[in-house]
Amino acid sequence: MKRKPSTEATGAWIRLMRVQSRVLDCVEQDLKKAGFPPLAWYDALLELSRAPAGELRPVELERQMLIPQYSTSRLIDRLVDEGLASRRECKIDKRGQFVEITEAGRELQKRMWGAYSTAIEKYVGSKLSDTDAVKLSALLDRLGCSCGEMKLPPVHESTPSR
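Everything numeric in this text was worked out from a predicted model, so none of it was measured.

**Student:** I would appreciate a short explanation of the packing of helix α2 (residues 39-50) against helix α3 (residues 58-65) in the present structure.
**Tutor:** Relative placement of two packed helices is described by the angle separating their axes and the distance separating the axes. Following both chains from N to C, one finds α2 and α3 inclined at 120°, their axes separated by 10 Å at the closest point. Considered as vectors, α2 and α3 are oriented oblique to each other. In this structure, α2 crosses over α3, and the sense of that crossing is right-handed. Between α2 and α3, the contacting residues are A40, D43, A44, E47 and L48 on the first element and L61, Q64 and M65 on the second. Residue composition of the contact of α2 with α3, by class: five nonpolar, one polar and two charged.

**Student:** How should the confidence of the model for the protein chain be read in this particular structure?
**Tutor:** Close inspection of predicted coordinates is inappropriate in any region flagged by low pLDDT. For the protein chain, the average pLDDT comes to 87, and 86% of its residues sit at 70 or higher. Mean pLDDT values for the elements of the protein chain range from 89 in α3 up to 97 in helix α5 (residues 103-125). Here residues 148-159 scores under 50 on pLDDT; set against residues more than four positions off or in separate chains, the count is 15 contacts.

**Student:** Would you take a moment to explain the pattern of salt bridges for this structure?
**Tutor:** If charged atoms from side chains of opposite charge come close, those side chains can pair. Taken as a whole, this structure holds four salt bridges when the rule is applied. A salt bridge links D30 to K122, with the nearest nitrogen and oxygen atoms 3.6 Å apart. Residue D30 is found in helix α1 (residues 7-33), and its partner K122 is found in helix α5; the two are separated by 92 residues along the sequence. Taking relative accessible area as the criterion, D30 reaches 16% and is therefore assigned buried. Close ionic contact of R88 with E55 constitutes a salt bridge, the shortest N to O distance being 2.5 Å.

**Student:** Would you explain α5 in this entry?
**Tutor:** For an α-helix the count is 3.6 residues per turn, leaving residues at separations of three or four pointing the same way. Roughly 30° is the biggest bend found in α5, and it falls at W113. Within the span of α5, buried status applies to G105, L108, Q109, M112, W113, A115, Y116, A119 and Y123. Among the structural elements, α1, α2 and β3 (97-101) are those in contact with the buried residues of α5.

**Student:** Please clarify how the pairing of β3 should be interpreted in this entry.
**Tutor:** Where a strand is regular, its side chains alternate between the two sheet faces. Judged from the two bridges that link them, strand β1 (residues 55-56) and β3 form a sheet pairing that is antiparallel. Each residue of the ladder has a partner; that of E55, found in β3, is E100. Here strand β2 (residues 85-89) runs beside β3; their pairing, made up of five bridges, is antiparallel. Along β3, the bridge assignment pairs E89 with Q97.

**Student:** What is the right way to look at a nonpolar patch on the surface in this model?
**Tutor:** Taken together, the side chains of W13, I14, L16, M17 and L143 present a nonpolar region at the surface, about 470 Å² in accessible area. Looking at the nonpolar patch element by element, the count peaks at four residues for α1. Mapped onto the fold, L143 is located in helix α6 (residues 130-145).

**Student:** I keep staring at the packing of α1 against α5 and nothing clicks. Help me out?
**Tutor:** Between α1 and α5, the shortest axis-to-axis distance is 9 Å and the interhelical angle comes to 140°. In this structure, α1 meets α5 at a crossing whose hand is right-handed. Two secondary-structure elements touch here, α1 through V23, C26, V27, D30 and L31 and α5 through M112, A115, Y116, A119, K122 and Y123. Considering only residue class, the contact of α1 with α5 consists of nine nonpolar, no polar and two charged.

**Student:** Would you mind going over α2 with me for this structure?
**Tutor:** For α2, built from 12 residues, the straight-helix expectation of 16 Å at 1.5 Å per residue is met to within 8% by its first-to-last C-alpha distance of 17 Å. Judged by how many residues are buried, α2 sits mostly within the fold: nine of 12 residues are covered. Those residues of α2 that fall on the buried side of the exposure criterion are L39, W41, Y42, D43, A44, L45, L46, E47 and L48.

Conventions we followed
Numbering of residues starts from 1 in each chain and follows the order in which that chain's sequence is written. Residues qualify for local features only when their pLDDT is at least 70, as the model is predicted, and side-chain atom pairs are given and counted only at 80 or more; totals for whole chains, interfaces and linings, by contrast, use all residues. Derived side-chain values reflect all non-hydrogen atoms in the structure, with water molecules and hydrogen atoms excluded from consideration. Every angle, taken between N-to-C directions, lies between 0 and 180 degrees, and every axis is a line fitted to C-alpha atoms, over only the stretch in contact when it is a helix. Think of it this way: any DSSP run of H or I at least four residues long counts as a helix, any run of E at least two long counts as a strand, and we number them from the N terminus. Should an angle fall under 35 degrees it is called roughly parallel, over 145 degrees roughly antiparallel, and 65 to 115 degrees roughly perpendicular, with every other angle called oblique. The sense of a crossing depends on the near helix, which, turned anticlockwise from the far helix by less than a right angle, makes the crossing left-handed and, turned clockwise, makes it right-handed. Only heavy atoms matter for contacts: two residues are in contact if any of them lie within 4.5 Å across the pair. Amino acid classes used here: Ala, Val, Leu, Ile, Met, Phe, Trp, Tyr, Cys and Pro are nonpolar; Asp, Glu, Lys and Arg are charged; the rest, including Gly, are polar. Note: pLDDT gives the predictor's confidence per residue, expressed from 0 to 100. Note on definitions: salt bridges are taken to be side-chain nitrogens of Lys or Arg within 4 Å of carboxyl oxygens of Asp or Glu. In this scheme, a residue with accessible area under 20% of its type's maximum is buried, one over 50% is exposed, and one in between is partly exposed, where area comes from a 1.4 Å probe on protein chains only. A residue's bend is given by the angle between axes fitted to the 7 residues ending at it and the 7 residues starting at it. Each pair of strands is called paired provided DSSP finds at least two bridges between the two strands. Residues enter a patch when their relative accessible area is above 30% and they make no salt bridge; the linking distance is 9 Å between like charges and 5 Å between nonpolar side chains (Val, Leu, Ile, Met, Phe, Trp, Tyr). Under the convention used here, a 1.4 Å probe and the Shrake-Rupley method define accessible areas, while residue burial counts only the protein chains that appear. To estimate the expected span of a helix, count its residues, drop one, and scale the result by 1.5 Å.

As structure tokens, this is what we get:
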């Protein structure tokens, strides 16, 4: 017989989903009020800026961002249309392509970080002590949410991060 989740585990799941949804909605609204595009744009530009030579294959970008392929394709189209990224054919595999961040993309990502970091502080940092944030991160890591290979840099005033 399969074990069912406890009432406590179910309650934790519900809270986790609600908090994630609400905080992301608030962050999106703050970015919009500041005149910036959606958070997915920042996320894509950040991943591209961290990649070797500032480029990734679309499938790699999709994997890093954890959004569906169809969303990634549309997002890449928008970034290219706005001049924030460019597409380049793979020299080895002519069917493949790379998406490369442009200087305009790097600049937008850096400008967005100001509003994004303010929102992170507003909705998370101001509500948790650093000790609590470390504990929460450890609990999320136990759920398999570890950033593992991503290794976020230390967050400073001007450091673009998630």
